[in-house]
Amino acid sequence: MASVLFSKSQFTHRFLYSSLTHSLKPQFLSSSVNKWSLHLRSSCSTSSNLVSRRGLVRVVSSWTTAGGKSTFSTLSMSTNDPVVSVEWLHTNLKQPDLKVLDASWYMPDEQRNPIQEYQVAHIPGAIFFDVDGIADRTTNLPHMLPSEEAFGGAVSALGIENKDGVVIYDGKGLFSAARAWWMFRVFGHDRVWVLDGGLPRWRASGYDVESSASGDAILKASAATEAIEKVYQGQAVGPIKFQTKFQPHLVWTLDQVRKNIEERTHQHIDARSKARFDGASPEPRKGIRSGHVPGSKCIPFPQLLDSSQALLSANELKKRFDQEGISLDQPVVTSCGTGVTACILALGLHRLGKTDVAVYDGSWTEWGAQADTPVATSSP
């Protein structure tokens, strides 16, 4: 699937098209009376709720007292755990230095439109982060990491500054939000968290959602896309309020993966399904060979999530990695199909204290399409 390219006017049209039956004035829908919400609420496990509450306890220190008044600052929030609970977000949603992003993205065969779904229901005040749009425009590979200048321009257009804390969610629970989380970290922003359980858990908890994006939200999202396009066209963008600081150790290239086959400096973990990893199932994209990078191991990303699509506890995560012989004392690089679910593995390892995990950005879509890259299979 080629990276989605569109102009500012086209992006705005994508919002407005899904807004025809909605007022631009934000509307609030109570999830507590939504039957689907009630069904999801009943499916949340006790263990996952405990995980959320642990997240709440860890960041409660972000409240401080100044001059007899309680104030909030994301600067004091812990970055040891990469997720926050819906309870915590609900409490702190209106804090001025906390920004919320909807980074929903879906596989093509799911036939879901993340922009339209954002328009129908999103967490109040959230801005849409286009995973396909905030991407490198010099490659045919989907949603690859943009340049520093492009990312800084796009994020600035979204209204995010370096002083802000950023909470990211998606419409599946925990899926593409991890990709956006990783992108912020690659560009030097550590005050970023994923909403554990995402929009489904938010709604299952009975919290309100907003229907119809405000005019400001539409302008910010379209301005982010325009900033990306301008940078790759050699035009100036501004004002830049988000300064990037590239962290090269968090992103790997094809050449680094190729070199690692021989040198084995990093443990390579693949987040795709076992059938795709083994070469028993064809790749969903045409022209891509089946199999895996020689020497890599397979931990399908769903194994890191509970039944409500929230991140497993640290103890359960460690068991998953131990079962595949992954040592937390050795470097790790992760990959998947297009660099999205590899970030879920990085998120899980971050919860275990391993914060230096690299992601192979091109992943199997790049590797499997090359004629000269070695491919291993486990099928008969």
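Presented here is an overview of the structure given in this document. (Residues numbered from 1 in each chain as written. Predicted model: local features only at pLDDT ≥ 70, side-chain atom pairs only at ≥ 80, totals over all residues. Heavy atoms only, no water.)

### Let's talk about the overall build of the protein
Heads up, the rule is: Put simply, DSSP H or I for four residues or longer makes a helix, DSSP E for two residues or longer makes a strand, and each gets a number counted from the N terminus. For every residue, the accessible area (1.4 Å probe, protein chains only) is compared with the maximum for its type, and the residue is labelled buried under 20%, exposed over 50%, or partly exposed between those bounds. Two residues qualify as a contact provided that any one of their heavy atoms is within 4.5 Å of a heavy atom in the partner residue. To measure how exposed things are, a 1.4 Å probe is used in the Shrake-Rupley method; for residues, cover is taken only from the protein chains shown.
Scanning the protein from N- to C-terminus turns up 14 helices and 14 strands. Put simply, the protein has 380 residues, and 54% of those count as buried. Taking contacts inside the protein between residues at least 6 apart in sequence as the whole, the part at least 24 apart equals 80%. For the protein, the exposed surface amounts to about 16000 Å²; the carbon and sulfur share of it is 52%.

### Notes on the sheet that holds strand β12 (residues 297-298)
For the record, the criterion: Only when DSSP finds a minimum of two bridges between them are two strands counted as paired.
The five strands lie next to each other as β10-β14-β13-β11-β12, forming an open sheet whose pairing is parallel. The outermost strands of the open sheet, each flanked by one partner alone, are β10 (251-252) and β12. Relative to strand β14 (residues 358-360), strand β13 (residues 332-335) is paired through two bridges, and the arrangement is parallel. Bridge pairing in β14 places Val333 opposite Ala358.

### Let's talk about the layout of surface pockets
Stated precisely, the cut-off is as follows: Space inside and on the surface of the protein is sampled on a 1 Å grid over the protein atoms alone, with a cavity defined as a set of points where a 1.4 Å probe fits but cannot get out and a pocket as an open set with protein on both sides within 12 Å along at least 5 of 7 lines; lining residues have an atom within 4 Å of a point. Grid points are joined across faces, edges and corners, and a volume is the space filled by probe spheres set on the points. Amino acid classes used here: Ala, Val, Leu, Ile, Met, Phe, Trp, Tyr, Cys and Pro are nonpolar; Asp, Glu, Lys and Arg are charged; the rest, including Gly, are polar.
Of the volumes computed, that of the largest pocket is approximately 360 Å³. Lining the largest pocket are 21 residues; nearest its centre among them are Leu93, Lys94, Pro124, Gly125 and Ala126. With four residues, strand β5 (residues 98-102) is the largest single contributor of residues to the lining of the largest pocket. Its residues assigned to classes, the lining of the largest pocket comprises twelve nonpolar, four polar and five charged.

### Thoughts on the pattern of salt bridges
Pairing between side chains of opposite charge can happen when their charged atoms approach one another. Note the threshold: When a carboxyl oxygen of Asp or Glu is within 4 Å of a side-chain nitrogen of Lys or Arg, the pair counts as a salt bridge.
Using the criterion set out here, one finds 16 salt bridges in the structure. Arg351 is the partner of Asp81 in a salt bridge, and the nearest nitrogen-oxygen pair spans 2.9 Å. With Asp81 in the loop between β3 (69-72) and β4 (83-84) and Arg351 in helix α13 (residues 342-351), this residue pair connects regions lying 270 residues apart in the sequence. Of the charged contacts in the structure, one is a salt bridge between Arg179 and Asp361, with a shortest N-O distance of 2.8 Å. Linking Arg179 in helix α7 (residues 177-186) with Asp361 in the loop between β14 and α14 (363-367), this pair joins segments that are 182 residues apart in sequence. By relative accessible area, Arg179 is classed as buried at 0%. Under the relative-accessibility criterion, Asp361 is labelled buried at 8%. Here the residues in one salt-bridge network are Asp270, Arg272, Arg276 and Glu283, joined through shared partners.

### Structural notes on the packing of aromatic side chains
Heads up, the condition is: Two aromatic rings from Phe, Tyr or Trp, using only the six-membered ring of Trp, form a pair when their centres are within 6.5 Å; if the ring planes differ by under 30 degrees the pair is stacked, by over 60 it is edge-to-face, and anything between is tilted.
Under the definition given, this model contains ten aromatic pairs. Relative to Phe175, the ring of Trp105 has its centre 6.1 Å away and its plane inclined at 15°; by these criteria the two rings are stacked. You can see Trp105 sitting in the loop between β5 and α5 (114-120) and its partner Phe175 sitting in the loop between β7 (165-169) and α7, a full 70 residues away along the chain. Exposure class is identical for Trp105 and Phe175. Each is buried.

### Section: the packing of helix α6 (residues 148-157) against helix α9 (residues 215-232)
Definition in use: Axis definition: a line fit to C-alpha positions, over the contact stretch in the case of helices; interaxial angles, taken between N-to-C directions, run 0 to 180 degrees. Small angles under 35 degrees read as roughly parallel and large ones over 145 as roughly antiparallel, with 65 to 115 read as roughly perpendicular and the rest as oblique. Take the far helix as the reference: if the near one is turned anticlockwise from it by less than a right angle, the crossing is left-handed, and if turned clockwise, right-handed.
Remark: α6 packs on α9, axes separated minimally by 7 Å, with the N-to-C direction vectors making an angle of 160°. With respect to α9, the axis of α6 lies roughly antiparallel. By crossing handedness, the relation of α6 to α9 is classed as right-handed. In this structure, α6 contributes Glu149, Ala150, Gly153, Ala154 and Ala157 to the contact, and α9 contributes Lys220, Ala223, Ala224, Ala227, Ile228, Val231 and Tyr232.

### So, the sheet that holds β7
The strand order across the open sheet formed by five strands is β4-β8-β7-β5-β6, and the pairing between neighbours is parallel. Looking at strand neighbours, the two that pair on one side only are β4 and β6 (127-128), the edges of this open sheet. With five bridges connecting them, β5 and β7 associate as parallel partners. Across the sheet, Lys99 pairs through a bridge with Val166, a residue of β7. Sitting on the sheet, α7 is in contact with β5, β7 and β8 (192-195), with an inclination near 175° to β8.

### Concerning α9
The condition is simple: Residue count minus one, scaled by 1.5 Å, sets the expected span of a helix.
Its 18 residues place the ends of α9 26 Å apart at the C-alpha level, agreeing with the 26 Å of an ideal helix rising 1.5 Å per residue. Taken residue by residue, α9 has Ala217, Ile218, Ala221, Ser222, Ala224, Thr225, Ala227, Ile228, Glu229 and Val231 as its buried positions. Just downstream of α9 lies Gly234, where phi reads positive at about 80°.

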